[in-house]
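# Notes for the structure review
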Amino acid sequence: MYIQRINRKQNGKTYTSIILARSYRENGKQKRQTVAVLTKWPKNLVVALEAGLKNKQITDFKDFQYTQGKSFGGIYVMNEICKKLGIHNALARTAYGKTTLLQIIARILNNGSQRAIGNWAKLNAVQEVLKMPIPTLDECYANLSLLETKQQHIENKIYKFQHKENKPINIYLYDVTSSYFEGQKNELSAFGYN
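Below, the structure is looked at part by part. Small disclaimer: the values here were computed from a predicted structure and weren't measured.

### Some thoughts on helix 5 (residues 114-122)
Among the residues making up helix 5, those that are buried are Q114, I117, G118, W120 and A121. Residues of helix 5 that are buried make contact with helix 2 (73-85), helix 4 (95-109), helix 6 (126-130) and helix 7 (137-162).

Following this line, the structure appears as structure tokens:
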């Protein structure tokens, strides 16, 4: 493998493309394959890669190790939404609260079972965003049992966060039930909507 710089002129300007290529033989003919386009790479990385290729530290594409980083965006956004809704305030001060917050976020983003939370959390920035270790399956189930006893308290805290005045709000219920008549002769009914 080697780095190749290809210059081309267009409208009086010179443009340089930088590619990572490899040479191989096929049917007795020398051929070249573009492995990657490095044009937009920072110059220091291109120089470092080129040095690695010249020193034979990198000899094949297999020498590159790609790893997927942890997913950050979804868990960060959901954590911010939980803060704005008062869920974070009602939960995140205790270990069970942080686990609950994780369970809520995992349910929304992953929609998997409690068993799936551990694997999902390893692929997401749980420790970085929520500042907590990834809970075990037993801890998740134990947390659900604990939540059952604290549900009313948590709901009250969220309500107080959203309605800071502590006065009851007015709720208006409107009945949208429809009724209809059947038959040929009925003086109380008329044709049309129920």
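### Re the side chain of Q114
Note on placement: Q114 falls in helix 5. A polar contact is formed between the side chain of Q114 and the side chain of Q103, at a distance of 2.7 Å. Beyond its immediate chain neighbours, meaning those up to four positions away, Q114 contacts Q103, L137, C140, Y141 and L144.

### Quick word on helix 4
A rise of 1.5 Å per residue sets the reference length of helix 4, with its 15 residues, at 21 Å; its end C-alpha atoms lie 21 Å apart and thus fit the reference within 8%. Those residues of helix 4 lying buried are Y96, G97, T99, T100, L101, L102, Q103, I105 and A106. Packed against the buried residues of helix 4 are helix 2, helix 3 (87-91), helix 5, helix 6 and helix 7. Backbone geometry just after helix 4 places N111 at a positive phi near 55 degrees.

### Quick word on the pairing of strand 1 (residues 2-10)
Two strands pair when backbone bridges link them, and strand 1 and strand 2 (residues 13-26) are joined in this way by nine bridges, in the antiparallel orientation. Bridge assignment links Q4 to a residue of strand 2, and that residue is I19. Hairpin connection, strand 1 to strand 2: the antiparallel pair is bridged by two residues, and N11 has positive phi, about 55 degrees.

### Regarding the sheet that holds strand 1
Taken in spatial order, the three strands line up as 1-2-3 in an open sheet, and their pairing is antiparallel. Looking along the sheet, the strands with just one partner apiece sit at the ends: strand 1 and strand 3 (29-37). Within this sheet the neighbouring strands show an average axis-to-axis angle of 45 degrees, counted without direction. Bridge count for strand 2 against strand 3 is eight bridges, and the pairing is antiparallel. Looking across to strand 3, one finds that Y24 is bridged to K31. With respect to the sheet, helix 1 (residues 43-54) is in contact with strand 1 and strand 2, its orientation differing from that of strand 1 by roughly 135 degrees.

### A look at the packing of helix 4 against helix 5
Where helix 4 meets helix 5, the closest approach of the two axes is 10 Å, and the angle between their N-to-C directions is 90 degrees. Relative to helix 5, the element helix 4 lies roughly perpendicular. For the pair helix 4 and helix 5, the contacting residues are L102, Q103, I105, A106 and L109 in the first and Q114, I117 and W120 in the second. Each residue belonging to the contact of helix 4 with helix 5 can be placed in one class, and the counts come to six nonpolar, two polar and no charged.

### Focus: the nonpolar core
Among the nonpolar cores identified, the biggest contains 22 residues, and I75, L102, I105, W120, V126 and L130 are the most heavily contacted of them. Residue assignment for this core shows that the elements contributing at least two residues are helix 2, helix 3, helix 4, helix 5, helix 6 and helix 7. Looking at which element gives the most residues to this core, the answer is helix 4, with five residues. For I105, the contacting residues outside a window of four places in its chain are I75, M78, N79, C82, N110, W120 and L130.

The rules behind the values
- Residues numbered from 1 in each chain as written.
- Predicted model: local features only at pLDDT ≥ 70, side-chain atom pairs only at ≥ 80, totals over all residues.
- Heavy atoms only, no water.
- Buried < 20%, exposed > 50% of the residue type's maximum accessible area, 1.4 Å probe, protein only.
- Helix = DSSP H or I, 4+ residues; strand = E, 2+ residues; numbered from the N terminus.
- Contact = heavy atoms within 4.5 Å.
- Polar contact = N/O pair within 3.5 Å; in protein donor to acceptor, adjacent residues only side chain to side chain.
- Expected span 1.5 Å × (residues − 1).
- Pairing = 2+ DSSP bridges.
- Axes fitted to C-alpha atoms, helices over the stretch in contact; angles between N-to-C directions.
- Parallel < 35°, antiparallel > 145°, perpendicular 65-115°, else oblique.
- Nonpolar A, V, L, I, M, F, W, Y, C, P; charged D, E, K, R; others polar.
- Core = buried A, V, L, I, M, F, W, Y, C linked by side-chain atoms within 4.5 Å.

Purely spatial values, then, with no claim about function.
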